[in-house]
Amino acid sequence: MAPASHGLLGRIQQANDNAVHRFGPHTAEVEAFIVAAGQLTPWQWRQVLAVRRLVESVSKEGAGPSDSARSIQAAIRSSDTKISEPIARAGEVLFDTLAKRSEEKQVAAWQAMTALVMRSQLPALKFAVHYAPFAALIPLAGSGVLDPKTVRFIGRLQDLTREQLELLARRWRIQPGASRALLQAVAKNRQAKSEEAVALAALGMIPNHVTGDEGWSAVRTVVHGGRVLGALGDLTAQEITELWVPLQAVVTFGSLSEVDSLPAVERVRAAVDGAIKQITRPPRSRTLPSKPLEPAIYGANHAEVAGFIKGLAELSPIQWLRVLDRRKLVASATREGSLEPAGVVRSILAAIELTRQLDMFSRCRVFAAVERAGFAIESHSRLNLQEVRKMLAPFEASINFEELNGGGFAHKVAGLGSSDWQRIAAAAPEANEEAVAPLVNAGTALVDFFGGRSDDEAVATWHAVAALVQRQHLTPIKFAASYAPFATAIPVTNPRSLGAMVSRYVTAIGRLGATQCGALARQWQIEDELSNVLARAVADGSARPAEEAAALAAVVTVPMRLAGSGGWAAVKTAAFGGRVIAVRTRLTAEQLAALWVPIQPAVPLVSLSAPPKPRR
C-alpha cells in the first residue's frame, strides 16, 4: 500500500474513532440521551422535575448553591475550565438542543448527561442521584438484561410500606470478612448493572414515603442489596447470608429465588409472543430520531448552508437584480468587494471542480494553495517579491506567472490536469482540514450553479456562502457585510427568536434617516468599567443573534443615507446597539442608559418600550 493511501486510511480510521468516542466511552448513550431530552413533552418535563425534587429531598443534592445554566455554559466555553473535553463537547450540543427550555430543565439535563458521560467512573448511587429524574423516560442501556433475582428485588421494593422502609433506615454493620469479600466480588463484576438499577428504583420510590436522613439511609441499604445481588457468583452461601442481614427483615433472600408459577411451556410461549410483537410492531420511542441525521458536510452551520444552496436555485431574475444592487450599496461603506476579486473566486471554483477525484485532505491543500496564489497575483505591489514567490511555489512546474493577472490565473488553473493537481497538493503547505473541508464541500455543491452566472453574481454568492460556513468564527458585523445582499431573499435570522424589544430596534435601524445616520457616525467612547460590564454580560454568546440582525439591517440602510467611512462608523454603532439591547436584562438601568448614549440621538431608548394598551 502506498504511503499516501496508508496515511489517508489512517486519518479516516482516526476520524471514525474520534467520532465514536467524542463524548467519551459512552458516546452512543450520551447522543441518544441528548436527542431524547430535546423531544420530551411539557408533561414529561414536569415528571422529570417532580422526580428531581423528590430525589433532592433525600440526597440533599440541591442544598448547596447550584450552578446556573449561564455559568455552566460559560465554563464550557472557557479555556481554563476544569471540565473535561468530552463533557464540554456534549454540553455544547445539549444546551443547543435545549436552548428554548427553562433553566431548571437545562440544569437537570446537564447533571444527568454529565453523570452519563462519567458513568463508568462514578459509584452507582452517585450516578443514580443525577440520572434518576430521567430513568423512567429515557431508560439506560443494559436496564433490560438484569438477572431474575435483581428483577424480583426491584419488584418487591414497589410494595414496601413506610414502616418497612423505616426498618431499612436503621443503622447496621457488616462483619469485616464479609465486607472484604463483597469488595473483591464487586471488583470482579464491574460490568454488572444490578446496583445501578436498584439505586434508580430506590430513588424513584423511597422519597414518596420517607425523606431526609432517614430516607437516604433506607436508599443506601437498598443499594447495598443491589450490590450483593450483582456479585452473587463470587460469594459463598455464608457470606451472602451475612451480607443480606440488613434487608432480611423486610425482603427475605429466599423470596428472590421463587420459581414462577407458570409452566415452562407457557413461559416460553409468552416470551416468544413478546419477542414477535417487539419485532413486528416496535413501540414508538422518542429517544431516537425518526430518520437518520444528515452528515454535517458543511460544518457547524450545515443546515443554514444547505438552506442557502437550495434557496439560490429558486431566486428569480428580479431578486438577483436586488442582490447585486444591495451588494454595491454595502460595498460603498464596507469595501468588502475588493477583498476577494472575481479572479480569485473563479480560480478557487475551478480548483474545487477539477479536484473532485482527490481525497479531502489533498483538496483542502489545493484550495489553500490556489487561494494564496490568487491573492498574491491580485495584490500587485502590496506584497514584496519574496512573499509572492513563496505563495506561487506549488504552481511553478505547471504555470508560467510572467505578466499574469488574476483572470489569467483562473484560466490557467482551469486547464490543469489530474497529474498537475496531485503535484500541487504534494507541494502545497499544510491546511486546516477541519476549517477548509466545509468550504470545499459547499463549493462542490455550487460548481454547476456558478457556471452560468456572471462574475458579480459568483463573487456575491461565494462571499455569502463562505460567511455562512464560517459564521461562528466571524464577528457579527463581518458576517453581515458578506451576507447582507442575500439577507432578504434567503433569511438566516429568525425574527421571532429575537424578542419584541430587539425586533423593534432592528425595525428602527431599517427606517433611519440621513440625520440619524450622521448622529450614529459621530465618534464615541465607553468607560472601561462599563465596557467590562458589557463584556461579562455578552460572554455566553447570547447577544450574537441580536447583534447580527442589527448589523444586517444597518449595512443595507445606512449606505443609502451615508457612504464611505462615515457610513461604516454608523454601521458599527448600530451593531453595538444590538449587542446592548440584547443583554439589557443583565444591566442596571443606569448601565443601560450609559451604554445607550451613542445610539440615543438616532433611536431613543424609550421608543423601544412596548406601547401602552389603550383603555376601553
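Residues numbered from 1 in each chain as written. Predicted model: local features only at pLDDT ≥ 70, side-chain atom pairs only at ≥ 80, totals over all residues. Heavy atoms only, no water.

1. Comments concerning the packing of aromatic side chains
Thought 1: With the rule as written, the count across this model stands at 16 aromatic pairs.
Thought 2: When the ring of W320 is compared with that of F449, the centres are 5.9 Å apart and the planes differ by 25 degrees; the resulting orientation is stacked. Within this pair, whereas W320 is found in helix α17 (residues 317-334), its partner F449 is found in helix α23 (residues 433-451), the two being separated by 129 residues in sequence. Across the pair, exposure class does not vary: W320 and F449 are buried alike.
Thought 3: On the basis of an interplanar angle of 65 degrees and a centroid distance of 5.4 Å, the ring pair of Y505 and W596 is categorised as edge-to-face. Of this pair, Y505 sits in helix α26 (residues 500-509) while W596 sits in the segment after α31 (589-595), and the two are 91 residues apart along the sequence.
Thought 4: Taking the relative accessible area as the measure of exposure, W596 reaches 1% and is therefore buried. (Phe/Tyr/Trp six-rings, centres within 6.5 Å; stacked < 30°, edge-to-face > 60°. Helix = DSSP H or I, 4+ residues; strand = E, 2+ residues; numbered from the N terminus. Buried < 20%, exposed > 50% of the residue type's maximum accessible area, 1.4 Å probe, protein only.)

2. Side note on the packing of helix α8 (residues 148-157) against helix α12 (residues 212-230)
Thought 1: Closest axis-to-axis distance for the α8/α12 pair is 10 Å, and the angle between their directions is 165 degrees. As far as their axial angle goes, α12 and α8 are roughly antiparallel. α8 and α12 meet at a crossing whose hand is right-handed. Along the contact surface, α8 presents K149, T150, F153 and L157, while α12 presents V222, G225, G226 and L229.
Thought 2: Looking at side-chain class alone, the contact of α8 with α12 contains four nonpolar, three polar and one charged residues. (Axes fitted to C-alpha atoms, helices over the stretch in contact; angles between N-to-C directions. Parallel < 35°, antiparallel > 145°, perpendicular 65-115°, else oblique. Left-handed = near helix turned anticlockwise from the far one by under 90°. Contact = heavy atoms within 4.5 Å. Nonpolar A, V, L, I, M, F, W, Y, C, P; charged D, E, K, R; others polar.)

3. Things to note about the layout of surface pockets
Thought 1: Empty space within the second largest pocket amounts to approximately 900 Å³.
Thought 2: If you trace the second largest pocket, you find 37 residues lining it, with P123, A124, V186, E195 and R227 closest to the centre.
Thought 3: Elements with a minimum of two residues in the lining of the second largest pocket: α7 (124-135), α10 (176-188), α11 (194-205) and α12.
Thought 4: Ranked by residues supplied to the lining of the second largest pocket, first place goes to α12 with eight residues.
Thought 5: Taken together, the residues of the lining of the second largest pocket break down into 16 nonpolar, twelve polar and nine charged. (1 Å grid on protein atoms, 1.4 Å probe; cavity = no way out; pocket = protein on both sides within 12 Å on 5 of 7 lines; lining within 4 Å. Points joined across faces, edges and corners; volume = space filled by probe spheres on them.)

4. A few points about the environment of W568
Thought 1: Within the secondary structure, W568 is located in helix α30 (residues 564-582).
Thought 2: For the pair W568 and L520, spaced 48 residues apart in sequence, the C-alpha separation works out to 9.9 Å.

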